[in-house]
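Okay, here's what each chain looks like letter by letter:
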Amino acid sequence: MSIIIKDLGKKYGQETIFKDFNLVFEKNKITGILGPSGAGKTTLLNLCGGLEQPDRGTIEGINPQAISYIFQEPRLLPWRTVRENLRFVFKARAIKKPGSHEREIDAMLERVGLTTVGDYYPHELSGGMRQRVSIARAFLYPSELLLMDEPFSSLDSSLKNRLMDDFLKIWEQNKRTVIFVSHQEDEIRHLADIILTFSDKPVQVLKKERLT
Ligand SMILES: Nc1ncnc2c1ncn2[C@@H]1O[C@H](COP(=O)(O)OP(=O)(O)OP(=O)(O)O)[C@@H](O)[C@H]1O
């Protein structure tokens, strides 16, 4: 199911972020959002994730139990190993498939290139490796929607390009709807099927480009 945003209204105090805003996010596509700083991109992700409530309008087509996130900082549990951080995904949703998790975790660790560090703690990893763990976690969680807010922006460019290639390979095998916000147009062009360019607030879609 696509995500359908109808007549969305959202204000913070006197500041109108969205007014009569309408948009459709296509199912199992990666939509990249570009736009000026402070326009409301993160607010839109928060509204989709249910972390913020709209003042007006509706967002249809999202199952709140089936959302995963990748943020700029990996947000791993520091007192848990990589493997335990990934196991937590299954606990979080009380998924009952006895015996199958470790194999799934192993397969995902391999896909993100972290086979040898499953028993390491987050502080023992580089920033890029920690972000790989958060990508693994986002895909292990059986989400239908993946929300990404600047997930690559703290990484240097060669690391970033490899990570984006790996991200795409994993996504090809575990497709879901992705909404991806970034200031970096190169990142958006690397990953997205559809690119939306937002105006300053109140947000309008200035341009929609389809790359695939
Ligand atoms: N919880 C909040 N309370 C008050 N104002 C907020 C809140 N969250 C966001 N804002 C304001 O709403 C506007 C949009 O913020 P938002 O973070 O969504 O923009 P953005 O497009 O993601 O910006 P950036 O590209 O800089 O991350 C900004 O002016 C911000 O200050």
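One structure accompanies this document, and this report is about it.

Rules and cut-offs
- Residues numbered from 1 in each chain as written.
- Predicted model: local features only at pLDDT ≥ 70, side-chain atom pairs only at ≥ 80, totals over all residues.
- Heavy atoms only, no water.
- Pairing = 2+ DSSP bridges.
- Helix = DSSP H or I, 4+ residues; strand = E, 2+ residues; numbered from the N terminus.
- Axes fitted to C-alpha atoms, helices over the stretch in contact; angles between N-to-C directions.
- Contact = heavy atoms within 4.5 Å.
- Near = heavy atom within 4 Å.
- Polar contact = N/O pair within 3.5 Å; in protein donor to acceptor, adjacent residues only side chain to side chain.
- Areas by Shrake-Rupley, 256 points an atom, 1.4 Å probe, with all protein chains shown as cover.
- Nonpolar A, V, L, I, M, F, W, Y, C, P; charged D, E, K, R; others polar.
- Phe/Tyr/Trp six-rings, centres within 6.5 Å; stacked < 30°, edge-to-face > 60°.
- Buried < 20%, exposed > 50% of the residue type's maximum accessible area, 1.4 Å probe, protein only.
- Lys NZ or Arg CZ within 6 Å of the ring centre and 35° of its normal.
- Core = buried A, V, L, I, M, F, W, Y, C linked by side-chain atoms within 4.5 Å.
- Domains from an automatic or database assignment.

What follows is about the sheet that holds strand S4 (residues 56–60). Judged by pairing direction, the sheet is antiparallel, and its 3 strands sit side by side in the order S2-S1-S4 without closing on themselves. If you trace the sheet from one side to the other, it starts and ends with strand S2 (15–25) and S4, each paired once. Across this sheet, the average inter-strand angle for adjacent strands is 20 degrees, counted without regard to direction. Pairing geometry for strand S1 (residues 3–12) and S4, over 4 bridges, is antiparallel. Paired with Ile5 across the bridge in S4 is Ile59. Most of the contacts of helix H1 (residues 41–49) go to S2, to which it runs at about 60 degrees, and overall it touches S1, S2 and S4.

Neighbouring the ligand are 14 residues, the closest being Ser37, Gly38, Lys41, Thr42 and Thr43. One nitrogen or oxygen atom from the side chain of Glu15 is found 3.2 Å from an oxygen atom belonging to the ligand. His183 places a polar side-chain atom, nitrogen or oxygen, 2.8 Å from an oxygen atom of the ligand. The protein chains hide 62% of the 630 Å² of surface that the ligand would expose on its own. The leading source of residues in the shell around the ligand is H1, at 3 residues. When grouped by side-chain class, the residues that make up the shell around the ligand number 4 nonpolar, 6 polar and 4 charged.

Turning our attention to the packing of aromatic side chains. In this structure the tally under the stated criterion is 6 aromatic pairs. Centre to centre, the rings of Phe152 and Phe180 are 6.1 Å apart; their planes meet at 85 degrees, and the pair counts as edge-to-face. Taken as a pair, Phe152 in the loop between strand S6 (145–149) and helix H5 (157–173) and Phe180 in strand S7 (residues 177–181) lie far apart in primary sequence, 28 residues in all. You can call Phe152 buried: its relative accessible area is 1%. Phe180 gets classed as buried once you look at its relative accessible area, which sits at 0%. Counting every residue linked through ring pairs, the aromatic cluster contains Phe139, Phe152, Phe167 and Phe180. The ring of Phe71 carries the charged tip of Arg75 above its face, separated from the ring centre by 3.7 Å.

Glancing now at the nonpolar core. In terms of nonpolar packing, the biggest core is built from 37 residues, with Ile135, Phe152 and Phe167 touching the most fellow members. Residue assignment for this core shows that the elements contributing at least two residues are strand S3 (30–34), helix H2 (82–92), helix H3 (101–111), helix H4 (127–140), S6, H5, S7 and helix H6 (185–191). With 6 residues, the top contributor of residues to this core is H4. Taken together, domain 1 (1–66 + 143–212) and domain 2 (78–142) each give at least three residues to this core, which thus spans both. Membership of the second largest hydrophobic core comes to 22 residues, among which are Ile5, Phe21, Leu47 and Cys48.

Geometry only, nothing functional implied.
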